[in-house]
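Read off the chains here:
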Amino acid sequence: MDTEYKEKENVSNRNSSFNYKELVFRLLALSLTLVAAVVLGVDKQTTTVSLTLVPSLPPVDLPVTAKWTDLSAFVYLVIVNASACAYAAISLVLLLVTRGGNKLVSLILLMLDLMMVVLLFSAIGATGSVGLIGYQGNSHVQWEKVCNVFDKFCHQVAIAVFLSFAGSITYLLLILLAAVTLHNK
Amino acid sequence: MASLDTTAPPHVTTEKPPKSVQQQYKGSWGPALDAALRMFLFATAMVAVIIMAASKQTKLISLFPGFAIPLEAKFTQSPAFIYAIAALSVACLYSIITGVLSVFALMKPGGSWTKLQFHFVIFDALLLGIVAAATGAAGGVAYIGLKGNSHTNWNKVCDQFSSFCSHLAGSIVLSLVSSITLLLLVWLSIYVLSKKLTRG
């Protein structure tokens, strides 16, 4: 075991490009999921809609507010992005402490990366489908679209979905990188 | 291994783990478990597609006494369910192809099992993303159908179309099982790759 560890240390100079790539991808995943969580987490818009109660009277302006906690799919996306961000931070610390030399740690990190891919993709699917109903409405069940009123709110949701999609692609690339490394060894 | 040995110091290259007996033993359950999981994936994805495709429900809504109009609930009325059907069908087809490949690898001793696993990791992870997104999309829309949303004035529909909604629920649970199966498959492939079970 001792000699094997020394071999790892010696080889780590040659393998430094792989560690470097993994570091960059993890930093990218950290920042993308953090920004996605923040963008959706601060999403709030208040506008006024004019409502005509009685035709003879002038229309009444009512303030309406849309918040990210209104829809459970958005809450799910924020929670998943926050946990993916926290996991990226922990994995970065582990990677820097072990310098990619510990086999067990890198195997566990790889398996947890895959969990993050699953969670992020399911959250993207949920938010995307609910956001699509908000954007287009659904005439079959009388769900009216809301994005014509809350335009800024909807744009912010779309940006958050795109950012967390990029984050999940980064996690997929991490898995691809690890598979290539394992295969070439 | 050969590329590593050229750069490593000579005193460590002599150490090689003598595990040829272990390899022969462990190499047998890896492909078998892989093939079994792929069959399970095929079954769950197939049943999920069938249940969701058969979820049509027609109901007579009486506007006033003596006059009623039929209302229909179908999976094609929401893009999320169409996407879920497409993704699960892809998973079904993919599991047939890879299952056959896995069974061939099981019959042929030795050979290109790790190479196959390397390709499986990449495509399984991609399909895992697709199926997980389909589960999330169908689940998100079905949750609004079940509970409704007071902020956006989206009324719940599952009190009207109970059979339609229970079909959808079954299908979503099965697609969740499919994605967990895919997760286990990728974990198995990663484990096999990291242990280099059948590589001489």
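Residues numbered from 1 in each chain as written. Chains lettered and ligands numbered in written order. Predicted model: local features only at pLDDT ≥ 70, side-chain atom pairs only at ≥ 80, totals over all residues. Heavy atoms only, no water.

Trainee: Give a description of the overall build of chain B that names residues and reports values.
Mentor: Across its full length, chain B holds six helices and two strands. Helices (α) and strands (β) of chain B occur, in sequence order from the N terminus, as α-α-α-β-β-α-α-α. Across the 200 residues of chain B, 45% fall into the buried class. Residue pairs in contact within chain B that sit at least 24 positions apart in sequence constitute 75% of those at least 6 positions apart. When the accessible surface of chain B is totalled, it reaches about 10200 Å², and 70% of it is carbon and sulfur. (Helix = DSSP H or I, 4+ residues; strand = E, 2+ residues; numbered from the N terminus. Buried < 20%, exposed > 50% of the residue type's maximum accessible area, 1.4 Å probe, protein only. Contact = heavy atoms within 4.5 Å. Areas by Shrake-Rupley, 256 points an atom, 1.4 Å probe, with all protein chains shown as cover.)

Trainee: How would you explain the confidence of the model for chain A if you had to name every residue and give the values?
Mentor: Residues and elements named next belong to chain A. Taken over all residues, the pLDDT of chain A has a mean of 83, while the share at 70 or more is 88%. When pLDDT is averaged over each element of chain A, helix α3 (residues 72-98) comes out on top at 91 and helix α1 (residues 2-14) at the bottom at 48. Low pLDDT (under 50) marks residues 5-17, which in the prediction has eight contacts with non-local residues, meaning those over four places away or in another chain. (pLDDT = per-residue confidence, 0-100.)

Trainee: Tell me about the confidence of the model for chain B, residues and numbers included.
Mentor: Residues and elements named next belong to chain B. A residue-level look at chain B finds 82% of positions with pLDDT of 70 or above and a mean pLDDT of 80. Contacts for the low-pLDDT stretch residues 1-26, under 50 throughout, to residues beyond four places or in other chains number 21 contacts. This prediction of the complex comes with two scores: 0.82 for pTM and 0.82 for ipTM.

Trainee: Could you give an account of the packing of aromatic side chains, with specific residues and numbers?
Mentor: Residues and elements named next belong to chain A. Counted by the stated rule, this structure contains five aromatic pairs over all chains. With centroids separated by 6.1 Å and ring planes inclined at 55°, the aromatic side chains of F74 and F153 adopt a geometry described as tilted. Taken together, the residues F74 in helix α3 and F153 in helix α5 (residues 151-184) connect sequence positions 79 residues apart. Here F74 falls in the buried class, since its relative accessible area comes to 3%. Here Y87 and Y171 contribute two aromatic rings whose centre-to-centre distance is 6.2 Å and whose plane-to-plane angle is 35°, an arrangement assigned as tilted. (Phe/Tyr/Trp six-rings, centres within 6.5 Å; stacked < 30°, edge-to-face > 60°.)

Trainee: Help me get a handle on the pattern of salt bridges, residues and values and all.
Mentor: This model, assessed by the stated rule, comprises five salt bridges over all chains. The residue B:R38 makes a salt bridge to B:D124 at a minimum N-O spacing of 3.0 Å. Of this pair, B:R38 sits in helix α3 (residues 20-53) while B:D124 sits in helix α5 (residues 113-147), placing them 86 residues apart in sequence. The same class applies to B:R38 and to B:D124, which are both buried. Salt bridges sharing common partners tie together A:E22, A:R26 and A:D113. (Salt bridge = Lys/Arg side-chain N within 4 Å of Asp/Glu carboxyl O.)

Trainee: For the UniProt feature "transmembrane region" (unreviewed entry) in chain A, give the residues involved together with the corresponding values.
Mentor: Mapped onto this numbering, the UniProt entry gives "transmembrane region" (unreviewed entry) at residues 23-42, 73-97, 104-137 and 157-182 of chain A. For residues 73-97 of chain A, the end-to-end C-alpha separation is 36 Å, with 100% helix and 0% strand making up the annotated structure. (UniProt positions renumbered as here; feature names shortened; annotations may be inferred.)

Trainee: Can you lay out the packing of helix α4 (residues 79-107) of chain B against α5(B) for me, pointing to particular residues and giving the numbers?
Mentor: Residues and elements named next belong to chain B. Their axes nearest at 9 Å, the elements α4 and α5 cross at an angle of 160°. When the interaxial angle is binned, α4 and α5 end up roughly antiparallel. Of the two elements, α4 crosses α5, and the hand of that crossing is left-handed. Split by residue class, the contact of α4 with α5 holds 24 nonpolar, two polar and one charged. (Axes fitted to C-alpha atoms, helices over the stretch in contact; angles between N-to-C directions. Parallel < 35°, antiparallel > 145°, perpendicular 65-115°, else oblique. Left-handed = near helix turned anticlockwise from the far one by under 90°. Nonpolar A, V, L, I, M, F, W, Y, C, P; charged D, E, K, R; others polar.)

Trainee: Explain the state of the cysteines to me, and be specific about the residues and the numbers.
Mentor: If you walk through the whole model with that rule in mind, you get two disulfides over all chains. Bridging A:C147 to A:C154, the disulfide has an S-S length of 1.9 Å. Judged by the sign of its S-S torsion, about -85°, the cystine formed by A:C147 and A:C154 is left-handed. Disulfide partner of B:C158: B:C165, at an S-S distance of 1.9 Å. Judged by the sign of its S-S torsion, about -80°, the cystine formed by B:C158 and B:C165 is left-handed. Given the relative accessible area of 13%, B:C158 is considered buried. The buried category is assigned to B:C165, whose relative accessible area is 14%. (Disulfide = S-S within 2.5 Å.)

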